[in-house]
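Next come the chains, spelled out residue by residue.
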Amino acid sequence: MKVCLLVIGKTDAEFVRAGIAEYEKRLKYYIPYEMKVIPDVRNTKNMSEIQQKEREGELLLGQLEAADYVILLDEKGNEYTSKAFADFLAQKMLTSMKRLVFIIGGPYGFSEEVYKRASMKISLSKMTFSHQMVRMIFTEQLYRAMTILKGEPYHHE
């Protein structure tokens, strides 16, 4: 199974890019992983929030394959402990699923069409993080989950 993190827009902050790169480097020893970056929608000043979400949604949906299991990183999603998230991933790895796709939306969230396509939603916290920070936090949690599944000492309970 391959894990894909699908995001809108590039990561601007160097420290965030460095953190993501570090965890991506570590992840390659555990699971096939990629972060796909979709360029920001242009001319958003002339768009309503709904129009921007719909355009971003079209771009996101265009990256998905029919068999993908899609999980939105959404503030209204289910919350997991790191151990429970690791267990969730282990369960998904036992299926014949080819690709597990996590999506971080744009600044206004997701379009209705993206919500309809999703299999589920996960929240990383009740707190709000920038979309850029969420990329690094998610990548670290994915790495943490892999170390938990391998019984390695990165995660302390």
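Just above sits the structure.
If you're wondering where the values come from, they're calculated on a predicted model, not measured in any experiment.

Regarding helix α3 (residues 82-93)
Compared with an ideal rise of 1.5 Å per residue, which puts 12 residues at 16 Å, α3 spans 16 Å between its outermost C-alpha atoms and is within 8% of the ideal. Along α3, the residues that are buried comprise S82, F85, A86, F88, L89 and K92. The buried residues of α3 occupy an angular sector of 160° when the element is viewed end-on, so they sit on one face.

Some points on the sheet that holds strand β2 (residues 33-38)
Taken together, five strands build an open sheet; the order of strands is β2-β1-β4-β3-β5 and the sheet is parallel. The open sheet is flanked by β2 and β5 (120-123), the only strands paired with a single partner. Along the sheet, successive strands turn relative to each other by an average axial angle of 35°, direction set aside. As paired elements, strand β3 (residues 69-79) and β5 share five bridges and run parallel to each other. Bridging across to β5, N78 finds its partner in I122. Contacts between helix α5 (residues 131-149) and the sheet are confined to β1 (2-8), β2, β3 and β4 (99-104), with β1 contributing the most and set at about 170° to the helix.

Conventions we followed
- Residues numbered from 1 in each chain as written.
- Predicted model: local features only at pLDDT ≥ 70, side-chain atom pairs only at ≥ 80, totals over all residues.
- Heavy atoms only, no water.
- Helix = DSSP H or I, 4+ residues; strand = E, 2+ residues; numbered from the N terminus.
- Expected span 1.5 Å × (residues − 1).
- Buried < 20%, exposed > 50% of the residue type's maximum accessible area, 1.4 Å probe, protein only.
- Arc of directions from axis to C-beta.
- Pairing = 2+ DSSP bridges.
- Axes fitted to C-alpha atoms, helices over the stretch in contact; angles between N-to-C directions.
- Contact = heavy atoms within 4.5 Å.

Coordinates in, geometry out; function isn't part of it.
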